[in-house]
Amino acid sequence: MSLPLKPIEPDLADKAARTISQRAQVEELVAKAVDDGLRNVFLVGAGGSLIAAHPAHYLLEREATHPVYKLQSDELNTGRTRRMGPGSLVFLASYTGRTKETVAAAQYARSTGATVAVVTKEGGPLADAADVAFTGQSDLFMQLAAYALLRQTGVERDWALLDQALDALPAALVSAAEEGEERAAAIATALKDEPITYVLGSGPSYGWAYGLAMCFLQEMQWKHAAGFNSGEFFQGAFEVVDDDVAVINLLGEDPSRPMAERARRFLNTYASKKTYHVDTADHTLPGVPRELRGEVSPLVIAVLMDRLARHYESVRGHDLDQRHYMFKVDY
């Protein structure tokens, strides 16, 4: 039994614009951290919030002058890295603002003397545990934090071009969602009853390969799925793929694209019947400069995966909010 397809969020552009509107405050926070003797940066989260940090981490790994680490919240709580302390700037995210392991991670980070900034949908215990709290979209906020770190540490870029891209981004995300509807419907309809679905992504897009598999398909649709880095796919997982296996391959426009294109060539040769490619190059992204499409593409993929999940919800008749255990039992 199907469910009515939920429409594209009417406030999708507004949410992005509101997040971007906090850019000056993020710049101010980072500038102070640099003035106070910035040593390193941590991006911390769990589930979707950790996934949201992948694009920012990818960007900073390539361009930052300071060490940058990405950690799962409880990995920080249990591992307690020596690298964190005075001079550390820690960004944490939680959609609800109540993820218990992320709240504990923020509390621990502050106890080390690190500066702690968080982003949530609307406050909550995580905001209370931070030095500075923001509200907004986690992935976009983390990207803004990455740009602020690059700018405030003197990395040379065309910052006017970035301003242009950020101004265009809210409408471009809506455009991508609209342009992707037909593809999302085709994928969800074709793969709704598959016993397992593999999802591939490279570079900053890997986060949502993992996220589509774990968060949307496993958690929210109770379907068996697995997400792989496009390069790691060829270290073993490709041996179980053929024309009887469902695969979704994500392609962005960042420097890791050749990895995704390698996967596309293989899949089109050996597993074409149930393989679907989602490629940001197929989207117009009006107003986004060509030079910055690669950095924007993982944010576009996040929107496309959200819409794909809604199409699965509709054709399978399984509400995305339905759970066995999450928020229902003690874990």
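Asks: Tell me about the side chain of Lys 223, and name the residues and values.
Replies: By the secondary structure assignment, Lys 223 is in the loop between α11 (206-221) and β7 (225-229). One polar contact links the side chain of Lys 223 to the main-chain carbonyl oxygen of Lys 192, over a distance of 3.1 Å. A polar contact is formed between the side chain of Lys 223 and the backbone oxygen of Glu 194, at a distance of 2.8 Å. Each residue touching Lys 223, except ones within four places of it in the same chain, is listed here: Leu 191, Lys 192, Asp 193, Glu 194, Leu 217, Gln 218, Tyr 312 and Arg 316.

Asks: Give me the side chain of Thr 120: which residues, what numbers.
Replies: For Thr 120, the position within the fold is in strand β4 (residues 115-120). Of note is the side chain of Thr 120, whose polar atom sits 2.8 Å from the backbone nitrogen of Gly 123. Among residues more than four places away in sequence, those in contact with Thr 120 are Ser 94, Tyr 95, Gly 97, Leu 126, Phe 134, Thr 135 and Gly 136.

Asks: Please provide a residue-by-residue account of the sheet that holds strand β1 (residues 40-45), values included.
Replies: Taking strand neighbours across the sheet as the criterion, the 5 strands line up as β2-β1-β3-β4-β5 in an open arrangement whose pairing is parallel. Looking at strand neighbours, the two that pair on one side only are β2 (68-72) and β5 (132-135), the edges of this open sheet. Taking the axes of each pair of neighbouring strands and ignoring which way they run, one obtains an average angle of 20° across the sheet. Bridge count for β4 against β5 is 4 bridges, and the pairing is parallel. Bridge pairing in β5 places Val 118 opposite Ala 133. Across the sheet, helix α8 (residues 138-152) lies against β1, β3 (88-94), β4 and β5, angled at about 165° from β3, the strand it touches most.

Asks: Which residues make up the packing of helix α1 (residues 12-20) against helix α9 (residues 159-179), and what values do they have?
Replies: Their axes nearest at 9 Å, the elements α1 and α9 cross at an angle of 155°. Classified by the interaxial angle, the pair formed by α1 and α9 is roughly antiparallel. Crossing angle aside, the handedness with which α1 passes α9 is right-handed. For the pair α1 and α9, the contacting residues are Leu 12, Ala 13, Ala 16, Ala 17 and Ile 20 in the first and Leu 166, Leu 169, Pro 170, Leu 173, Val 174 and Ala 177 in the second. Residues of the contact of α1 with α9, tallied by class, amount to 11 nonpolar, no polar and no charged.

Asks: Tell me about the sheet that holds β7, residues and numbers included.
Replies: Spatial ordering of the open sheet is given by β7-β6-β8-β9, a layout of 4 strands whose pairing is parallel. Looking at the sheet topology across the chains shown, the edges are occupied by β7 and β9 (275-279). Each strand axis lies, on average, 20° off the axis of its neighbour in the sheet, ignoring direction. When strand β8 (residues 246-251) meets β9, the two strands line up parallel, connected through 5 bridges. From the neighbouring strand, Val 247 faces β9, where its bridge partner is Thr 275. This element, helix α12 (residues 257-270), spans β6 (197-201), β7, β8 and β9 of the sheet and lies at about 150° to β8. Contacts from helix α13 (residues 293-316) reach β8 and β9, with the element oriented near 155° to β8.

Asks: Break down the packing of aromatic side chains for me, with residues and values.
Replies: Counted by the stated rule, this structure contains 13 aromatic pairs. An angle of 55° between the planes, with centres 5.5 Å apart, marks the rings of Phe 238 and Phe 266 as tilted. With Phe 238 in the loop between β7 and β8 and Phe 266 in helix α12, the pair connects residues that are 28 residues apart, well separated along the chain. Phe 266 gets classed as buried once you look at its relative accessible area, which sits at 17%. Site record: aromatic cluster; members linked through ring pairs are Phe 233, Phe 234, Phe 238, Phe 266 and Tyr 270. Sitting over the face of the ring of Trp 159, Arg 157 holds its NZ or CZ atom 5.6 Å from the ring centroid. Over the face of the ring belonging to Phe 234 we find Arg 262, whose NZ or CZ atom lies 3.9 Å from the ring centre.

Asks: Explain α9 to me, using residue names and the numbers behind them.
Replies: Helix length check: α9, at 21 residues, gives a terminal C-alpha distance of 28 Å against a target of 30 Å (1.5 Å per residue), a fit within 8%. Its side-chain oxygen 3.3 Å from the backbone nitrogen of Ala 160, Asp 158 forms the N-cap of α9.

Asks: Lay out the packing of α8 against α9 in plain terms, naming residues and giving numbers.
Replies: Following both chains from N to C, one finds α8 and α9 inclined at 170°, their axes separated by 13 Å at the closest point. Taken as axis vectors, α8 and α9 run roughly antiparallel relative to one another. Contacts from Leu 140, Leu 144, Tyr 147, Leu 150 and Arg 151 in α8 reach Trp 159, Leu 162, Leu 166 and Leu 169 in α9. For the contact of α8 with α9, the residue count by class is 8 nonpolar, no polar and 1 charged.

Asks: Explain the pairing of β7 residue by residue, including any values.
Replies: Where β6 lies against β7, 5 bridges are found, and the strand directions are parallel. Paired with Gly 201 across the two strands is Asn 229, which belongs to β7. Handedness of the crossover joining β6 and β7 through α11: right-handed.

Each value, and the rule that gives it
- For every chain, the first residue of its written sequence is number 1, and the numbers climb from 1 along that sequence.
- Under the rules for a predicted model, residues below a pLDDT of 70 receive no local features and side-chain atom pairs below 80 are neither given nor counted, while totals for whole chains, interfaces and linings still include all residues.
- Water and hydrogen atoms were dropped before computing side-chain values, which therefore reflect all heavy atoms in the structure.
- Segments assigned H or I by DSSP are reported as helices when at least four residues long, segments assigned E as strands when at least two residues long, and all are numbered from the N terminus.
- In protein, a polar contact requires one atom able to donate a hydrogen and another able to accept it; more generally it is a pair of N or O atoms within 3.5 Å, and residues adjacent in sequence count only if both atoms are side-chain atoms.
- When checking whether two residues touch, look at their non-hydrogen atoms; a contact exists if any pair is within 4.5 Å.
- Strand pairing is assigned whenever DSSP detects at least two bridges linking the two strands.
- Helix axes are fitted to C-alpha atoms over the stretch in contact, other axes to C-alpha atoms as well, and angles between N-to-C directions run from 0 to 180 degrees.
- Under this scheme an angle from 65 to 115 degrees is roughly perpendicular, one under 35 degrees roughly parallel, and one over 145 degrees roughly antiparallel; angles in between are oblique.
- Left-handed describes a crossing whose near helix is turned anticlockwise from the far helix by less than a right angle; the clockwise case is right-handed.
- Residues are grouped as follows: nonpolar covers Ala, Val, Leu, Ile, Met, Phe, Trp, Tyr, Cys and Pro; charged covers Asp, Glu, Lys and Arg; every other residue, Gly included, is treated as polar.
- Whether two aromatic rings pair depends on their centres lying within 6.5 Å, for rings of Phe, Tyr and Trp, where Trp uses its six-membered ring; planes under 30 degrees apart make the pair stacked, over 60 edge-to-face, and the rest tilted.
- Burial classes: relative accessible area under 20% of the type maximum marks a residue as buried, over 50% as exposed, and values in between as partly exposed (1.4 Å probe, protein chains only).
- Two conditions define a charge sitting above a ring: the NZ of Lys or the CZ of Arg must be within 6 Å of the ring centre, and it must be within 35 degrees of the ring normal.
- Given the number of residues in a helix, its expected span is that number minus one, multiplied by 1.5 Å.
- The handedness rule is simple: strands pointing away from the viewer, and a clockwise path from the first strand over the helix to the second, make the crossover right-handed.

Interpretation note: all reported values are geometric properties and have no functional meaning in isolation.
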